[in-house]
Amino acid sequence: MINIFDLTPDEAAGEIKGMGLQAYKAGQVFEWLYKKRVLDFSRMTNISKSDARKLGSVFKTDIPSVERTLESTDGTIKYLFGLSDGNMIESVLMKYSYGYSLCISSQAGCRMNCSFCASGKDGLERNLTAGEMTGQIMASEISSGTHISRIVVMGTGEPFDNYDNLLRFLDIAANPKGLGIGQRRITVSTCGLVPGIIRFADYGSQVNLAISLHETDNESRSRIMPVNKKYPIEEVLKACRYYVEKTNRRISFEYALIPGVNDSPAKALELAHLLKGMLCYVNIIPVNLIKGVEYKGNPGKNAAVFYDILGKHGIHVTVRRELGGDIEAACGQLRRSHADEIWRRD
Ligand code: SAH
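Residues numbered from 1 in each chain as written. Predicted model: local features only at pLDDT ≥ 70, side-chain atom pairs only at ≥ 80, totals over all residues. Heavy atoms only, no water.

*Asks:* Describe the packing of helix H5 (residues 163–174) against helix H6 (residues 194–203), naming the residues involved and giving the relevant values.
*Replies:* The N-to-C vectors of H5 and H6 enclose an angle of 30°; their axes lie 12 Å apart at closest approach. Relative to H6, H5 is oriented roughly parallel. For the pair H5 and H6, the sense of crossing is right-handed. Packed against H5, whose contacting residues are Tyr-163, Asp-164, Leu-167 and Leu-170, the element H6 presents Gly-196, Arg-199, Phe-200 and Tyr-203 at the interface. Residues of the contact of H5 with H6, tallied by class, amount to five nonpolar, one polar and two charged. (Axes fitted to C-alpha atoms, helices over the stretch in contact; angles between N-to-C directions. Helix = DSSP H or I, 4+ residues; strand = E, 2+ residues; numbered from the N terminus. Parallel < 35°, antiparallel > 145°, perpendicular 65-115°, else oblique. Left-handed = near helix turned anticlockwise from the far one by under 90°. Contact = heavy atoms within 4.5 Å. Nonpolar A, V, L, I, M, F, W, Y, C, P; charged D, E, K, R; others polar.)

And the structure:
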């Protein structure tokens, strides 16, 4: 059986047509699934019993199961989802003035092993399918009764390490016949897999791209992000310039301030020089603390200095307002393990 959420709407429509159903039936099915969140073919009232039976013999409509939820004092909700093979993943639902945003995972675990991030501490388990990415949105909407208007692919995993499924997911998410969230309301974040950035530039969509930079020279960046040994800063930035040229979209660079490591005024100056002239902005994030990694000093102490230096050099800059820190739902704190202490807190 095929999980219908693993197929793009066009692919699913092709299958449905191939089953001998009239072409317009596909549109009705998508309406039930993606607009009304009805997952049972027999409950789709404009689909005949025999058509529902046919659909049910070819497709399943699987979405992750909500295993646990945790709510932060700021209203952020962290979901622990169970997948069909028993793997567990996490997503984070955040409330902003414009509406709800969901941070989804793209892999169970991660193999990038950035020193400051919890997601890679147990390595990669497997890629998520497009349906498992789509399903995180469906399941959290159904569970919370909210409507999600923005998506950030910034949970556990490296999206460009799961490129084909990511693109399928983006089609489902942005397609008016699918979830219908506009491309400009979706952001994909990468640690800098250069071939992925180039492919993404050629894909030419309006989906936003964020790059986790976090350092300004190769020696320092390789120390905290092993991926830099394979794809050094100058290659990442070259690919970024290509992306901007191709898409005319502004790139965002994420820079987590790690006290005593990358937060000196000199680094801010280097960063300003690196990004000079690029259509971009920098998102400063005081590093979130994770278990087993200790820092000397307060992560946010140089945020204002960094902000000023970048600003003075003409770089657009924001300081990220972190949500959900009390439930380990902030950047870098997501994991794939349900054995985590946080999920046993009652
Ligand atoms: N693999 C992708 C997406 C997941 S991480 C990537 O690297 O971009 C989402 C963002 O959180 C990245 O910018 C990542 O570098 C950042 N991050 C990871 N750990 C963090 C931490 N402890 N504090 C703040 N940001 C962190």
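Text resumes after the structure shown.
*Asks:* With reference to specific residues and values, describe the pattern of salt bridges.
*Replies:* In this structure the tally under the stated criterion is 16 salt bridges. Across the pair Asp-161 and Arg-111 runs a salt bridge whose closest N-O atoms are separated by 2.7 Å. Here the residue Asp-161 occupies a position in the loop between strand S9 (148–153) and H5, and Arg-111 occupies one in the loop between strand S7 (107–109) and strand S8 (124–127), the gap between them amounting to 50 residues. According to the relative accessible area criterion, Asp-161 is buried, its value standing at 16%. Of the residues examined, Arg-111 reaches a relative accessible area of 54% and is grouped as exposed. A salt bridge links Asp-202 to Lys-246, with the nearest nitrogen and oxygen atoms 3.6 Å apart. Here Asp-202, found in helix H6, pairs with Lys-246, found in helix H9 (residues 233–247); they are 44 residues apart in sequence, far enough to count as distant. On the basis of relative accessible area, Asp-202 is assigned to the partly exposed category, the value being 44%. Linked by salt bridges that have partners in common, Asp-85, Arg-126 and Glu-132 make up one network. (Salt bridge = Lys/Arg side-chain N within 4 Å of Asp/Glu carboxyl O. Buried < 20%, exposed > 50% of the residue type's maximum accessible area, 1.4 Å probe, protein only.)

*Asks:* Please set out the domain arrangement of the protein residue by residue, giving values where relevant.
*Replies:* For the protein, the assigned domains read domain 1 (2–60) and domain 2 (65–344). With centres defined by C-alpha atoms, the gap from domain 1 to domain 2 works out at 33 Å. Counting from both sides, the interface comprises 14 residues of domain 1 and, opposite them, 16 residues of domain 2. Carbon and sulfur atoms make up 56% of the surface buried where domain 1 meets domain 2, a total of about 1300 Å² over both sides. Interface area lost by domain 1 to domain 2 is led by Asp-6, Tyr-34 and Arg-37, which between them contribute 41%. The tally of links from domain 1 across to domain 2 stands at three salt bridges. For Arg-37, the salt bridge is made with Glu-141, and the minimal N-O distance between the two is 2.2 Å. Summed over the shared surface of domain 1 and domain 2, the number is nine residue pairs in polar contact (both at pLDDT 80 or more). Taken together, the elements giving at least two residues each to the side of domain 1 that touches domain 2 come down to helix H1 (9–18) and helix H2 (23–35). Across the side of domain 1 that touches domain 2, the residue classes break down as seven nonpolar, two polar and five charged. (Domains from an automatic or database assignment. Buried area = accessible area lost by both parts, 1.4 Å probe. Polar contact = N/O pair within 3.5 Å; in protein donor to acceptor, adjacent residues only side chain to side chain.)

*Asks:* Mind laying out the pairing of strand S10 (residues 186–190), listing which residues take part and the relevant values?
*Replies:* Extensive coverage of S10 is indicated by the burial of five of its five residues. A two-sided burial pattern is seen for S10, the buried positions comprising Ile-186, Val-188 and Thr-190 on one face and Thr-187 and Ser-189 on the other. In the sheet, S9 pairs with S10 via three bridges, with the strands oriented parallel. Its bridge partner being in S10, Val-153 is matched across the sheet by Val-188. Assessed by its sense of winding, the connection that carries the chain from S9 through H5 to S10 is right-handed. As defined by bridge partners, S10 adjoins strand S11 (residues 208–212) across four bridges and the pair is classed as parallel. Paired with Thr-190 across the two strands is Ile-211, which belongs to S11. After leaving S10, the chain enters H6 and then returns to the sheet as S11, a path that is right-handed. (Pairing = 2+ DSSP bridges. Right-handed = clockwise from strand over helix to strand, strands pointing away.)

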